[in-house]
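Architecture and fold: a report
So you can see what is in the structure, the chains are spelled out below.
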Amino acid sequence: QVQLVESGGGFVQAGGSLRLSCAASGSIVSFNVMGWYRQAPGKQRELVASITSRDQTNYHTNYADSVKGRFTISRDNTKNTVNLQMNSLKPEDTAVYYCNLRPVLMPTQSWWGQGTQVTVSS
């Protein structure tokens, strides 16, 4: 129904940068939220950042406190892509990062990407 393809993960030294991208395809509802989540070993999956689509009245971005000032989320609403620019990376940012798409008016439905590994060495 909806497919999400992630790219941009990899290995980086502390203080470095990575840019994650997620491209959505399929039967996509226009009014949606796209976001990035991450899960580190031994920890629960957490929201990193999210961004709403199309409707400028409802435009909203949200960031986890741990990444504010370092990460920036952006999207192209027409192309259904979302990006996460990650700067000043820290070892504690190491995790599998997942792309998610959720229709705003269908709160029980969402789709996930396969995840991309981000490893930050000290």
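Conventions and cut-offs
- Residues numbered from 1 in each chain as written.
- Predicted model: local features only at pLDDT ≥ 70, side-chain atom pairs only at ≥ 80, totals over all residues.
- Heavy atoms only, no water.
- Pairing = 2+ DSSP bridges.
- Helix = DSSP H or I, 4+ residues; strand = E, 2+ residues; numbered from the N terminus.
- Axes fitted to C-alpha atoms, helices over the stretch in contact; angles between N-to-C directions.
- Salt bridge = Lys/Arg side-chain N within 4 Å of Asp/Glu carboxyl O.
- Buried < 20%, exposed > 50% of the residue type's maximum accessible area, 1.4 Å probe, protein only.
- Contact = heavy atoms within 4.5 Å.
- Phe/Tyr/Trp six-rings, centres within 6.5 Å; stacked < 30°, edge-to-face > 60°.
- Lys NZ or Arg CZ within 6 Å of the ring centre and 35° of its normal.

Moving on: the sheet that holds strand 1 (residues 2-7). With antiparallel pairing, four strands are arranged side by side in an open sheet as 1-3-8-7. In this open sheet, the two edge strands, each paired with only one partner strand, are strand 1 and strand 7 (71-76). The mean inter-strand angle of the sheet, taken between neighbouring strand axes irrespective of direction, is 15°. Bridge analysis of strand 7 against strand 8 (residues 81-86) gives six bridges, and the strand direction is antiparallel. Residue pairing across strands places Phe-71 opposite Met-86, the latter belonging to strand 8.

So, on to the pattern of salt bridges. By the definition in use, this model includes four salt bridges. Arg-38 serves as the salt-bridge partner of Asp-93, at 3.0 Å between the closest nitrogen and oxygen. With Asp-93 in the loop between strand 8 and strand 9 (95-103) and Arg-38 in strand 4 (residues 32-39), the pair connects residues that are 55 residues apart, well separated along the chain. Each member of the pair, Asp-93 as well as Arg-38, carries the same accessibility label: buried.

Further remarks concern the environment of Ile-28. Within the element layout of this structure, Ile-28 appears in the loop between strand 3 (18-26) and strand 4. When the C-alpha positions of Ile-28 and Asp-65 are compared, they lie 29 Å apart, and in sequence the two are 37 residues distant. In this structure Ile-28 touches Val-2, Asn-80 and Leu-101, once residues within four positions along its chain are discounted.

The side chains of a regular strand alternate, residue by residue, between the two faces of the sheet. In terms of burial, strand 4 is largely enclosed, as six of its eight residues are buried. Where strand 4 meets strand 9, eight bridges bridge the pair, whose relative direction is antiparallel. Within strand 9, the residue paired with Gln-39 across the bridge is Val-96. Across six bridges, strand 4 lies against strand 5 (residues 46-52) in antiparallel orientation. Note on strand 5: the bridge partner recorded for Trp-36 is Ala-49. The loop that links strand 4 with its antiparallel partner strand 5 comprises six residues; one of these, Gly-42, has a positive phi angle of about 80°.

Further remarks concern the packing of aromatic side chains. A complete count under the given rule lists two aromatic pairs for this structure. An angle of 65° between the planes, with centres 5.0 Å apart, marks the rings of Tyr-37 and Trp-112 as edge-to-face. Of this pair, Tyr-37 sits in strand 4 while Trp-112 sits in strand 10 (residues 111-112), placing them 75 residues apart in sequence. Plain terms: the ring middles of Tyr-98 and Trp-112 are 6.5 Å apart, the flat faces sit at 85° to each other, and that makes the pair edge-to-face. Of this pair, Tyr-98 sits in strand 9 while Trp-112 sits in strand 10, placing them 14 residues apart in sequence. The partly exposed category is assigned to Trp-112, whose relative accessible area is 32%. Above the face of the Trp-112 ring, Arg-45 is positioned so that its terminal group lies 3.9 Å from the ring centre.

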